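Chains, contacts and geometry: an overview
Given next are the chains, with one letter for each unit.
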Amino acid sequence: MGGKLIQKLISSDTLELPLTFISRLLIFYLLFIRGLKILPGPFLPFLPFPDISPPYPLFPIFLNMIYWISIAGILINFQPKRFSLVLGLELIFVILSNRILYSTSLLFTACIFFLIGLYSNGNSWIFRAQIALLYLGAGINKLLNPDWITGQFFDNFSREIFEVKTYQFIAPLFSDLLIAKLMGFSVIITELLLGILILFSKKRIFSIVVLIHLFHLFILLFTNGDLSISFFFIMAVNSLLCLPWKKRSLEIAFNENNPVLKFLRKTDFDSYFIWKKTNNFTLETTSSSVIETGPRAFLRILFYHKAAYAILILSIIYIPQYFNPFLNKFISLFL
Amino acid sequence: MCIFRLMRKTIILIFFFLQIGGIIYSRFREDRYFCWVPYDEISTYKIVVKIANHTFLNQEITDRYKIENPGRENRSIGNVKSIIRQYETTYGSNDGAIVLLIYNTNGKGEKTWIWAEN
C-alpha cells in the first residue's frame, strides 16, 4: 500500500510525455528560482478589468489559494493535467493583471502549464511549436534590431552590463567590433535555426535538445551565471517535451560493477528503461535497433532518466558560481 | 468527444495565433510585451519624480512604480515608459507629477524622456 503510494507520487506519467515530471520541475522554478511564493494583486494591469483589487481585498487571497491548491495537486499527482491548466491560466491572468510581474520566462512557464493541461496523446507538436515560437520571435527581433547587426548591443552587453572578462580580453585584439558582431550573428543564427529545426527535424530531435541545453549553458557561463539561471532552467526542462518518450523503448546493457550505472538503475523509479546485465565494460544502449555506446549512450540515459536529469539540471544552475571565478582569475593574469 | 477534441484544437491554434500576433504587433510599438524578446535591448535608467516642490527619494520612486530606481530594463525602455505613463494617468492622475526618465540604451548615450500630463 505504502509502496504503491510512493510509486504513484514519484512516478506518475501515464501519457506518452513526462508531463508531471516537467510540471514539478517548473514548480521548482516558480517557487525556488523565481521565488514566487505569493502572487501579488493587480497593479498597472494590461487589461482594465483585473484592477478591481481595491474594492475586493479578498481577491489576491483567492488567487493565492488557487495557486497553492494547483501546486499541491501537481505535486501529489492528483489531477496533475487539470491543475496544470488551472495554474497556466492563473499565471497568464496574474501577468495580465500586473505589468510589473511580466517577464519572458514567467510567461513562457505559464504557456507550458497551459499547454500541458490541453495536451492529449499524439499532440506533442504543441510543445515544439511553443518553443519554436519563442526562438523565432527572439531571433527575428534581434535580426531587425540594428544594434545587434553593428555589434553595439553585444559590446555594451559584454563590457558594461555583465563585464565579461573573456570578451574584454579578446575584443581589443580585433577592430570594428568584430567579435561583438560575430557573437551577435551567432546568437541570431542559433535562435532562428533552433526555431526551425525543432519544428521540422524530428529525426535529429535528440541532438537539437542537447544543443538547446548547450546554448543556454554557454550563455550562463559567458555571463558569470548572471544571464540567466531562469532561462537556462526553463528552456532546458521544457525542451525535454520535444523528445520521443516511449516507455521501455530504450535497452541498456550495463556492467553491475559500475557504481554510477548501478545508482541509475536503482533510481529508475518508473522502470522506464530495460536494464540488461553484461560483463562488457562498455556502456551500450539500444533503441529501435539503433545501438549507441560510450559517452553518447550515457548522454541519452541522462536525458531520459528523470532522477538523474533532475540532479544534473539542479547542479548545473549552481556551477557557474564556482567555475567562472577561476576562469576570470586566469584571464586577469593577461590583462 | 469529437467536439471536445475540436474545441481543444481550436483553443490551441488561437493561443498560437495570438502569440504570432504579439510578435508582429510589437514591431509597431516602443514597449515590448508578449512578443518573446528576452534581452534584445538593454537600458540602464534613472527616474526622477517631482510633485509640487517635493523631489522623491529613490525608495519613494521604487514604492510608487514598484520598479528599481536606478535600474536596468532588459527588453525595451518603452516598458519603463509604459509603467510611468499608466501610473500617472490612473493611480497618480491627481498628483500632477513631473517625471524625468534618464536612460542609456545599448550604451549609445544618455537620453531623457519627460512625462507631464499637460
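So, a few notes on the structure that sits alongside this text.

Reading the values: rules and limits
Residues numbered from 1 in each chain as written. Chains lettered and ligands numbered in written order. Predicted model: local features only at pLDDT ≥ 70, side-chain atom pairs only at ≥ 80, totals over all residues. Axes fitted to C-alpha atoms, helices over the stretch in contact; angles between N-to-C directions. Helix = DSSP H or I, 4+ residues; strand = E, 2+ residues; numbered from the N terminus. Left-handed = near helix turned anticlockwise from the far one by under 90°. Contact = placed C-beta atoms within 7 Å. Nonpolar A, V, L, I, M, F, W, Y, C, P; charged D, E, K, R; others polar. Buried ≥ 20, exposed ≤ 12 C-beta atoms within 10 Å, placed from the backbone. Pairing = 2+ DSSP bridges.

1. Observations regarding the packing of helix α4 (residues 80-96) of chain A against helix α5 (residues 104-118) of chain A
Residue and element names in this part refer to chain A. In the contact formed by α4 and α5, the axes pass within 7 Å of each other and the chain directions differ by 145°. Remark: the crossing between α4 and α5 carries left-handed chirality. Contact with α4, carried on its side by Lys81, Arg82, Ser84, Leu85, Leu87, Gly88, Leu89, Leu91, Ile92 and Ile95, involves Leu106, Leu107, Thr109, Ala110, Cys111, Phe113, Phe114, Ile116, Gly117 and Leu118 of α5 and no other residues of that element. Among the residues making up the contact of α4 with α5, the classes are represented as 14 nonpolar, 4 polar and 2 charged.

2. As for the interface of chain A and chain B
Contacts between chain A and chain B engage 26 residues on the former and 23 residues on the latter. Those elements giving two or more residues to the side of chain A that touches chain B turn out to be α5, α6 (125-143) and α8 (152-161) of chain A. Considering only residue class, the side of chain A that touches chain B consists of 16 nonpolar, 6 polar and 4 charged.

3. Structural notes on the environment of Phe127 of chain A
Residues and elements named next belong to chain A. The residue Phe127 is located in helix α6 in this model. Judged by local crowding, Phe127 falls into the buried class, with 24 C-beta atoms found within 10 Å. Apart from the residues lying within four places of it in its own chain, the contact partners of Phe127 are Leu115, Asn238, Leu241 and Cys242.

4. Details of the environment of Thr267 of chain A
Residue and element names in this part refer to chain A. Mapped onto the elements of the fold, Thr267 is located in the loop between α13 (259-266) and β2 (274-277). Overall, Thr267 belongs to the partly exposed group, with 14 C-beta atoms counted inside 10 Å. Sequence separation between Thr267 and Leu107 is 160 residues, and the spatial gap between their C-alpha atoms is 33 Å. Among residues more than four places away in sequence, those in contact with Thr267 are Ala307 and Ala308.

5. A closer look at the sheet that holds strand β3 (residues 284-287) of chain A
Residue and element names in this part refer to chain A. Read across the sheet, 4 strands follow the order β2-β1-β3-β4 without closing on themselves; strand pairing throughout is mixed. Of all the strands in the sheet, the pair left with one neighbour each is β2 and β4 (290-293). The mean inter-strand angle of the sheet, taken between neighbouring strand axes irrespective of direction, is 20°. For β3 and β4, the ladder comprises 4 bridges, and the chain directions are antiparallel. Considered in β4, the bridge of Ser287 is made with Val290. Helix α14 (residues 294-304) contacts β1 (250-254), β3 and β4 of the sheet and is inclined by roughly 105° relative to β4.

6. Quick word on the pairing of strand β4 (residues 98-105) of chain B
Residue and element names in this part refer to chain B. Of the two faces of β4, the one lined by Val99, Leu101, Tyr103 and Thr105 is fully buried and the one lined by Ile98, Leu100, Ile102 and Asn104 carries no buried residue. Pairing analysis gives 8 bridges linking strand β1 (residues 43-51) to β4, with the strands arranged antiparallel. Paired with Lys50 across the strands is Ile98, a residue of β4. Bridging between β4 and strand β5 (residues 110-115) involves 6 bridges; their strand directions are antiparallel. Bridge pairing in β5 links Val99 to Trp115. The hairpin formed by β4 and β5 contains 4 residues between the paired strands, and Asn106 there has a positive phi angle of roughly 55°.

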